[in-house]
Amino acid sequence: MIVCHCQGINDRELRRRVREGADSPSELARRCGAGVGCGGCRPLIDQILDEECREPIPLRLELAAAP
Ligand code: FES
């Protein structure tokens, strides 16, 4: 899905950039130009940052003690 129409940048590229270390809208803008045009994509950029930077919920397994 195209997120930044001004720069033609899709969500997969933005997620990849976040996984490579971009941790803010300004850092994403510096790395790929997303969000530096009209600004209409900034809410989606914020959402992607939130999703990619969110701490994973720890999976808790309760194993029954073997007799
Ligand atoms: S759509 Fe991203 S800056 Fe315009």
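Here we summarise the structure given alongside this text.

Comments concerning helix H3 (residues 42-53)
What sets the pattern is the α-helix's 3.6 residues per turn: residues three or four places apart point alike. In this model H3 runs 16 Å from its N-terminal to its C-terminal C-alpha over twelve residues, within 8% of the 16 Å that 1.5 Å per residue would give. For H3, the complete set of buried residues consists of Ile-45, Ile-48 and Leu-49. What you see down the axis of H3 is that its buried residues fit within an arc of 100°, all on one side. Exposed side chains of H3 directed beyond 90 degrees from the buried face belong to Pro-43 and Asp-50. The secondary structure elements touched by the buried residues of H3 are strand S1 (2-4), helix H1 (11-19) and helix H2 (25-32).

Details of the pattern of salt bridges
Under the defined criterion, the tally for this structure stands at seven salt bridges. Between Arg-15 and Glu-51 there is a salt bridge whose closest N-O contact spans 2.8 Å. A residue pair is termed long-range when its members are at least 10 positions apart, and Arg-15 in helix H1 and Glu-51 in helix H3 qualify at 36 residues. On the basis of relative accessibility, which here comes to 30%, the residue Glu-51 falls in the partly exposed class. For the salt bridge of Glu-20 with Arg-16, the shortest nitrogen-to-oxygen distance reads 3.0 Å. One salt-bridge network, in which partners are shared between bridges, spans Arg-15, Arg-19, Glu-51 and Glu-52.

Quick notes on the side chain of Asp-11
As for its position among the elements, Asp-11 is in helix H1. No salt bridge is formed by the buried Asp-11, whose closest oppositely charged neighbour, Arg-15, lies at an N-O distance of 4.0 Å. Apart from the residues lying within four places of it in its own chain, the contact partners of Asp-11 are Met-1, Val-3 and Ile-48.

Cut-off values and rules
- Residues numbered from 1 in each chain as written.
- Predicted model: local features only at pLDDT ≥ 70, side-chain atom pairs only at ≥ 80, totals over all residues.
- Heavy atoms only, no water.
- Helix = DSSP H or I, 4+ residues; strand = E, 2+ residues; numbered from the N terminus.
- Expected span 1.5 Å × (residues − 1).
- Buried < 20%, exposed > 50% of the residue type's maximum accessible area, 1.4 Å probe, protein only.
- Arc of directions from axis to C-beta.
- Contact = heavy atoms within 4.5 Å.
- Salt bridge = Lys/Arg side-chain N within 4 Å of Asp/Glu carboxyl O.
- Lys, Arg positive; Asp, Glu negative; His and termini not counted.

The values are spatial; any link to function lies outside them.
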